[in-house]
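# Chains, contacts and geometry: an overview
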Amino acid sequence: MSNKGLISVFTGNGKGKTSAALGLMLRSSGYGKRVCMIQFIKGDWKCGEHEGVKHLEGLAEIHAMGKGFTWKSDDIEKDIALAKEAWAFASKKIQEEAFSMIILDELTYLIKYKMVEEQDIINVLKNKPENLHIVITGRDASDGLIALADLVTEMKEIKHPYKKGVPAQQGFDY
Ligand code: ATP
Ligand code: MG
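These remarks concern the structure in this document. Residues take numbers from 1 onward in each chain, read along the sequence in its written order. Note on labels: chains are lettered from A, ligands numbered from 1, in written order. Where totals are concerned, whole chains, interfaces and linings use all residues; where local detail is concerned, this predicted model gives features only for residues with pLDDT of at least 70, and gives and counts side-chain atom pairs only at 80 or more. Just so you know, side-chain values use all the structure's heavy atoms and leave hydrogens and water out.

## A short note on the site of ligand 1
Applied cut-off: A molecule or strand has a residue near it when one of that residue's heavy atoms lies within 4 Å. Under this definition, polar contacts are N or O atom pairs within 3.5 Å; protein pairs additionally need one hydrogen-donor-capable and one acceptor-capable atom, and for neighbouring residues in sequence, both atoms have to be side-chain atoms. Computed by Shrake-Rupley with a 1.4 Å probe, the accessible areas treat only the displayed protein chains as cover when residues are assessed. Residue type decides the class: Asp, Glu, Lys and Arg count as charged, Ala, Val, Leu, Ile, Met, Phe, Trp, Tyr, Cys and Pro as nonpolar, and the leftover types, Gly among them, as polar.
Around ligand 1 sit 13 residues, and of these Lys-15, Lys-17, Ser-19, Glu-157 and Asp-173 come closest. Glu-106 has a polar side-chain atom sitting 2.9 Å from an oxygen atom of ligand 1. For ligand 1, the accessible surface in isolation is 570 Å², of which the surrounding protein chains cover 81%. Among the residues making up the shell around ligand 1, the classes are represented as one nonpolar, six polar and six charged.

## Examining the packing of aromatic side chains
The test is simple: Two aromatic rings from Phe, Tyr or Trp, using only the six-membered ring of Trp, form a pair when their centres are within 6.5 Å; if the ring planes differ by under 30 degrees the pair is stacked, by over 60 it is edge-to-face, and anything between is tilted. By the criteria applied, helices consist of DSSP H or I runs no shorter than four residues and strands consist of E runs no shorter than two, each listed in order from the N terminus. Per-residue accessibility, obtained with a 1.4 Å probe over protein chains only, is compared with the maximum for each type, and a residue is labelled buried under 20%, exposed over 50%, and partly exposed between these values. Only when the NZ of Lys or the CZ of Arg is both within 6 Å of the ring centre and within 35 degrees of the ring normal is a charge said to sit over the ring.
Within the structure shown, the criterion is met by two aromatic pairs. Taking the centre distance of 6.5 Å and the plane angle of 35° together, the rings of Phe-40 and Trp-87 count as tilted. One end of the pair, Phe-40, is in the loop between strand 2 (35-39) and helix 2 (48-52); the other, Trp-87, is in helix 3 (residues 76-95), and 47 residues separate them in sequence. A residue is classified by how much of its surface remains accessible, and Phe-40, at 0% relative accessible area, is buried. Seen in terms of ring centroids, Tyr-109 and Tyr-113 are 6.4 Å apart; in terms of plane orientation they differ by 25°. Their pairing is stacked. By relative accessible area, which is 34% here, Tyr-113 ends up partly exposed. Taking NZ or CZ as reference, Lys-15 lies 4.5 Å from the ring centre of Phe-172, over its face.

## Structural notes on the sheet that holds strand 4 (residues 101-105)
Quick note on the threshold: DSSP bridges decide pairing: two strands pair if at least two such bridges lie between them. With axes taken as lines fitted to C-alpha atoms, and helix axes fitted only over the stretch in contact, angles between N-to-C directions fall between 0 and 180 degrees. Residues count as neighbours in contact if any of their non-hydrogen atoms are within 4.5 Å of one another.
Across the sheet, which stays open at both edges, the six strands sit in the order 3-2-4-5-1-6 with parallel pairing between neighbours. One side of each edge strand has no neighbouring strand; the edge strands of this open sheet are strand 3 (60-64) and strand 6 (151-154). In this sheet, adjacent strand axes meet at a mean angle of 15° when their direction is disregarded. Both strand 1 (residues 7-11) and strand 5 (residues 133-137) contribute to a ladder of four bridges, which runs parallel. For Ile-7, the partnering residue across the bridge sits in strand 5 and is Ile-134. Across the sheet, helix 3 is in contact with strand 2, strand 3, strand 4 and strand 5; its angle to strand 4 comes to roughly 165°.

## Digging into the coordination of the magnesium ion (ligand 2)
To keep it simple, the criterion reads: Think of the donor list as every N, O and S atom within 2.8 Å of the metal, or within 3.2 Å for Na, K and Ca; water never makes the list, so a site can look incomplete.
Every protein donor of the magnesium ion (ligand 2) is accounted for by Thr-18 (OG1) and Glu-106 (OE), and the metal-donor separations fall at 2.1 Å. Here Glu-106 lies in the loop between strand 4 and helix 4 (108-112) and Thr-18 lies in helix 1 (residues 17-29), a separation of 88 residues in the sequence. Thr-18 sits in the buried class, given a relative accessible area of 17%. The buried category is assigned to Glu-106, whose relative accessible area is 18%.

## A short note on the environment of Gly-171
As for its position among the elements, Gly-171 is in the segment after strand 6. Residue classification places Gly-171 among the exposed residues on the basis of a relative accessible area of 71%. Once the C-alpha coordinates of Gly-171 and Phe-89 are considered, the two residues, 82 residues apart in sequence, prove to be 28 Å apart.

## Here we look at the layout of surface pockets
What counts here: In the cavity and pocket records, a cavity denotes points on a 1 Å grid over the protein atoms alone where a 1.4 Å probe fits but cannot get out, a pocket denotes an open set with protein on both sides within 12 Å along at least 5 of 7 lines, and lining residues are residues with an atom within 4 Å of a point. Grid points are joined across faces, edges and corners, and a volume is the space filled by probe spheres set on the points.
The volume enclosed by the second largest pocket comes to roughly 520 Å³. Taken together, the elements giving at least two residues each to the lining of the second largest pocket come down to helix 1, helix 3, strand 4 and strand 5. Among the residues forming the lining of the second largest pocket, the class breakdown is 13 nonpolar, seven polar and four charged.

## Observations concerning the state of the cysteines
The line we're drawing: Here, two cysteine sulfur atoms that lie within 2.5 Å of each other are counted as a disulfide.
Scanning all chains against the criterion turns up zero disulfides. Note on Cys-36: no disulfide assigned, nearest cysteine sulfur contributed by Cys-47 at a separation of 16 Å. Under the relative-accessibility criterion, Cys-47 is labelled buried at 15%.

Okay, here's the thing in C-alpha cells:
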C-alpha cells in the first residue's frame, strides 16, 4: 500500500474548509491513525470539535493557539509574538513523527497578515516527515503555499445562509 504524505490546501471564500479537514480526521481515525489539528486563529465561540475530539481520545487532538490573538487587536507586536510561538509549536509537532496527519487550521492568515515569514513556513513543510499528511485551511492561500501543495481545493461560495441573515448554527458552523 502506498503511503505518500500529501500537502493539501483548502482555501476560498465558501464554507467547508475546516469542516473538510475535520472529515479527514474522522476518516483517519478509522484506521487507528493519529491526527493533530492546530487552530491558529482564536474563534469567537466554542466549537463543537473541541468536545467532539474527546470521542477520538488517543487518536486525535486539537490545540487552539493564539490565545486572544486576532488581527483586530491593537497590540500587533504581541500578536506577532503569539503567532510566531504558535508556529514554533506546530513546527515541533510536524517534526515529532508522532502523527499521520497534521491539520494547520487557518494557517493562511499568518502569512497574509505577515505574522510569520512565508519562507519559514515553507521550509518546515518541505522538510516534513515523508509519510506525514499536512492539511492547511484558510482563505487567501499564498502563492508559495499553492505552489508547494500536492492538492489545492478552492471552496467557492455560491450561496450562504448568512447572506439571508441566518445566523451561524450550532453543530453546523461551530
Ligand atoms: P467551516 O468551519 O464551517 O468549514 P470554513 O472553515 O470554510 O467553514 P472560515 O473562513 O474558517 O470557513 O469561517 C468560519 C466560520 O464562518 C464558519 O462558521 C462558517 O460557517 C462561516 N462562513 C464560512 N464561509 C462563509 C461565508 N461565505 N459567509 C459567511 N460566513 C461564512
Ligand atoms: Mg475555517
